[in-house]
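Fold and geometry: a report
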There are 2 protein chains.
Amino acid sequence: MRNSVKASATRKKLLDAGLKLISKRGYLGATTKDIAKKAGVAELTLFRHFSSKELLFQEIINSYTFLPALKGLLPEIKELEYREALLMIADKFLSRLYERRDLIRIMQSEMHLYPSKVKDIYQDFIGGVYQTLASYFRELQGSRGMLRDFDPEYGARAFLGMFFSYFSVHELMFRKDAMPLEEGKLKTEYVDIFIKGTMR
Amino acid sequence: MRNSVKASATRKKLLDAGLKLISKRGYLGATTKDIAKKAGVAELTLFRHFSSKELLFQEIINSYTFLPALKGLLPEIKELEYREALLMIADKFLSRLYERRDLIRIMQSEMHLYPSKVKDIYQDFIGGVYQTLASYFRELQGSRGMLRDFDPEYGARAFLGMFFSYFSVHELMFRKDAMPLEEGKLKTEYVDIFIKGTMR
DNA sequence: AAATGATGTTAGTGCTTACTTACTCTAGCA
DNA sequence: TGCTAGAGTAAGTAAGCACTAACATCATTT
């Protein structure tokens, strides 16, 4: 019986092991032997599930897509205070990055392998967040006149950029190093700067 | 005669070719054969100059260090208007990143090979910029009372983070794609948000 | 009880890689 | 003119890689 419970469990173990090893050592540095070992199966089993290493890699990238980050959140956010809304967005955004840190690391270091695929994933994720945030800003500028007249696209990039670069440096590069940055304080400091910087 | 003109020219060609190829394909993906070919010399010549591929890699990382980015700039900046100062800092910071984009890409994707070395380089560069910027903020908060009472360390990270993530996404990830972001506008929008966000 | 589907074990193939050996060529300097 | 430093050419080595072939084991299903 194709796709039995056992088979798809093995499959998942291989995808997990592949994701972790490739994110740690890169596509070339993660050998099929090691991936199989990490998954707790024989190397041959890897090839029985994925006919080549490259195919395994593509399925890893495909299967671990991003959940929609903020898209449906816009109505909910509109009900909040500006400050609470920004804090919530920062929170959700960082959580999504953490959840997918292995995949993001792969995208950053192996993007020359499948540039267009990586770009698609990126657009789905970050692009969606940009849009949501930008249209939130536009709303607060227009009907309510609460925010000053900055470009909402650039504003969204500025806001998310602060958090993305924090994530990039501390989570992707120096995860294990003790860096004395307290994330709660970081969020409020960043949000405060941004609030003052964008309000009328 | 060791270190003749010819020899050190060849050496430099190899370092340059290695930097470019490794930044493009990764350490494992850039073969000694291809590096030599790109440098326009025989593969054997590579091994006569650097006894192993790993040693070549280490010398690449060592030789292409960052120039001090802002360190000596503090006195000069203090004479400027706040807005002009921030624009200048953004400018210099982005220029340094552009100058060293190949090395930064290598640091990001191969940092698992020599984490401590990469960390040192990072500290020398970004760390120095943080300090300079943070002490500039502290100055404007204290003696002149011009800026409000935000944490200067976090402020520096927020400011540089906006620009680093722009660089990271557009220069490291999607260099070749047409992305309709105009850098001049980006700088002024970001700086404006930050100015309003930090002034008393 | 027999068939089947999923995995394991072992031994291998052909290819590529970093790196070596041995020898030749050439330009510049003593 | 001859020596030498630096580079080239060609052939090869040992190891590691993705991937395969042949056969065995075992649980589940029929």
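Residues numbered from 1 in each chain as written. Chains lettered and ligands numbered in written order. Predicted model: local features only at pLDDT ≥ 70, side-chain atom pairs only at ≥ 80, totals over all residues. Heavy atoms only, no water.

**Thoughts on the overall build of chain A**
Counting its secondary structure elements, chain A contains 10 helices and 0 strands. Reading chain A from its N terminus to its C terminus gives the helix and strand order α-α-α-α-α-α-α-α-α-α. Overall size of chain A, expressed as C-alpha extent along the three principal axes, is 65 × 40 × 30 Å. Here chain A holds 200 residues, and the buried ones make up 55% of them. When contacts within chain A are restricted to residue pairs at least 6 apart in sequence, those whose partners lie at least 24 apart make up 72%. Split by element, the accessible area of chain A, about 9,600 Å² in all, is 51% carbon and sulfur. (Helix = DSSP H or I, 4+ residues; strand = E, 2+ residues; numbered from the N terminus. Buried < 20%, exposed > 50% of the residue type's maximum accessible area, 1.4 Å probe, protein only. Contact = heavy atoms within 4.5 Å. Areas by Shrake-Rupley, 256 points an atom, 1.4 Å probe, with all protein chains shown as cover.)

**So, helix H1 (residues 5–25) of chain B**
Residues and elements named next belong to chain B. Compared with an ideal rise of 1.5 Å per residue, which puts 21 residues at 30 Å, H1 spans 30 Å between its outermost C-alpha atoms and is within 8% of the ideal. Among all positions of H1, only Thr10, Leu14, Leu15, Ala17, Gly18, Leu19, Leu21, Ile22 and Ser23 are buried. Close packing links the buried residues of H1 with helix H2 (32–39), helix H3 (43–49), helix H4 (53–63) and helix H7 (101–110). You can read the cap of H1 off the contacts: a side-chain oxygen lies 3.2 Å from the backbone nitrogen of Ala7, and it is on Ser4. Positive phi shows up at Gly26, right after H1, with a value of about 85°. (Expected span 1.5 Å × (residues − 1). Polar contact = N/O pair within 3.5 Å; in protein donor to acceptor, adjacent residues only side chain to side chain.)

**Re the relation of the copies chain B and chain A**
Here two copies of a chain appear, and what relates them is a rotation about an axis with a shift along it. The transformation that overlays chain B on chain A combines an axial shift of 0.0 Å with a rotation of 180°, and the residual RMSD is 0.1 Å. When the rotation and shift are considered jointly, the pair of chain copies conforms to a two-fold rotation axis. Measuring from the rotation axis to each C-alpha of chain B, the shortest distance belongs to B:Gly197, at 1.8 Å. The share of interface residues of chain B whose copies in chain A are also at the interface is 100%, consistent with both copies meeting through the same surface. (Least-squares fit on C-alpha atoms with pLDDT ≥ 70 in both.)

**Points about the interface of chain B and chain A**
Put simply, an interface is often sized by how much accessible area is lost when its parts join up. If you look at the interface, chain B gives 46 residues, while chain A gives 46 residues. Viewed at the interface, chain A and chain B are joined by 2 salt bridges. As a salt-bridge pair, B:Lys185 and A:Asp151 come within 2.6 Å of each other at their nearest N and O atoms. The interface formed by chain B and chain A includes 8 residue pairs in polar contact (both at pLDDT 80 or more). Only H1, H7, helix H8 (115–141), helix H9 (152–173) and helix H10 (183–198) of chain B provide two or more residues apiece to the side of chain B that touches chain A. (Salt bridge = Lys/Arg side-chain N within 4 Å of Asp/Glu carboxyl O.)

**Overview of a positive patch on the surface**
Judged by side-chain charge, A:Lys196, A:Arg200, B:Lys196 and B:Arg200 come together as a positively charged surface patch. With respect to the secondary-structure elements, A:Lys196 resides in helix H10 (residues 183–198). (Patch = residues over 30% accessible without salt bridge, like charges linked within 9 Å, V, L, I, M, F, W, Y side chains within 5 Å. Lys, Arg positive; Asp, Glu negative; His and termini not counted. Charge placed at Lys NZ, Arg CZ, Asp CG, Glu CD.)

**Some words on the nonpolar core**
Core analysis: the largest hydrophobic core is formed by 152 residues, its most contacted members being A:Phe137, A:Phe159, A:Phe163, B:Phe137, B:Phe159 and B:Phe163. Ignoring anything within four residues of it in the chain, the contact list for A:Phe137 reads A:Tyr82, A:Leu86, A:Leu147, A:Phe150, A:Pro152, A:Gly155, A:Ala156 and A:Phe194. (Core = buried A, V, L, I, M, F, W, Y, C linked by side-chain atoms within 4.5 Å.)

**Re H4(B)**
Residues and elements named next belong to chain B. By the burial criterion, the buried members of H4 are Lys53, Leu56, Phe57, Ile60 and Ile61. For H4, the angular spread of buried residues about the axis comes to 135°, placing them on one side. For H4, the elements touching its buried residues are H1, H2, H3, H7 and H8. (Arc of directions from axis to C-beta.)

**Looking at the environment of B:Thr188**
Residues and elements named next belong to chain B. The residue Thr188 is located in helix H10 in this model. Taking the C-alpha atoms as reference, Thr188 lies 7.4 Å from Leu87; in sequence the two are 101 residues apart. When near neighbours in sequence (up to four residues on either side) are disregarded, Thr188 contacts Arg83 and Leu87. There is a polar contact of 3.0 Å between the side chain of Thr188 and the backbone oxygen of Lys185.

**Comments concerning the packing of H1(B) against H7(B)**
Residues and elements named next belong to chain B. Contact geometry of H1 with H7 gives a least axis separation of 9 Å together with a crossing angle of 50°. Between H1 and H7, the angle falls in the class oblique. With respect to the hand of their crossing, H1 and H7 are arranged in left-handed fashion. Residues Leu19, Lys20, Ile22 and Ser23 of H1 touch H7, and the partners they reach there are Asp102, Leu103, Arg105 and Ile106. By residue class, the composition of the contact of H1 with H7 is 4 nonpolar, 1 polar and 3 charged. (Axes fitted to C-alpha atoms, helices over the stretch in contact; angles between N-to-C directions. Parallel < 35°, antiparallel > 145°, perpendicular 65-115°, else oblique. Left-handed = near helix turned anticlockwise from the far one by under 90°. Nonpolar A, V, L, I, M, F, W, Y, C, P; charged D, E, K, R; others polar.)

**Let's talk about the domain arrangement of chain A**
Residue and element names in this part refer to chain A. By the assigned domains, chain A splits into domain 1 (5–63) and domain 2 (71–198). For domain 1 and domain 2, the distance between their C-alpha centroids amounts to 31 Å. Listed per partner, the contact involves 11 residues of domain 1 and 9 residues of domain 2. Buried area between domain 1 and domain 2, both sides added, is near 1,000 Å², and the carbon and sulfur share of it is 70%. The largest per-residue losses of area from domain 1 upon contact with domain 2 belong to Ser23, Phe57 and Ile61, which jointly make up 48% of the total buried on that side. (Domains from an automatic or database assignment. Buried area = accessible area lost by both parts, 1.4 Å probe.)

**Examining the pattern of salt bridges**
All names here are of chain A. Overall, the coordinates contain 24 salt bridges over all chains when judged by the stated rule. Residues Glu59 and Arg11 are paired through a salt bridge, measuring 2.5 Å at the closest nitrogen-oxygen approach. With Glu59 in helix H4 (residues 53–63) and Arg11 in helix H1 (residues 5–29), the pair connects residues that are 48 residues apart, well separated along the chain. In this structure, a network of salt bridges that share partners links the residues Asp91, Glu183 and Lys187.

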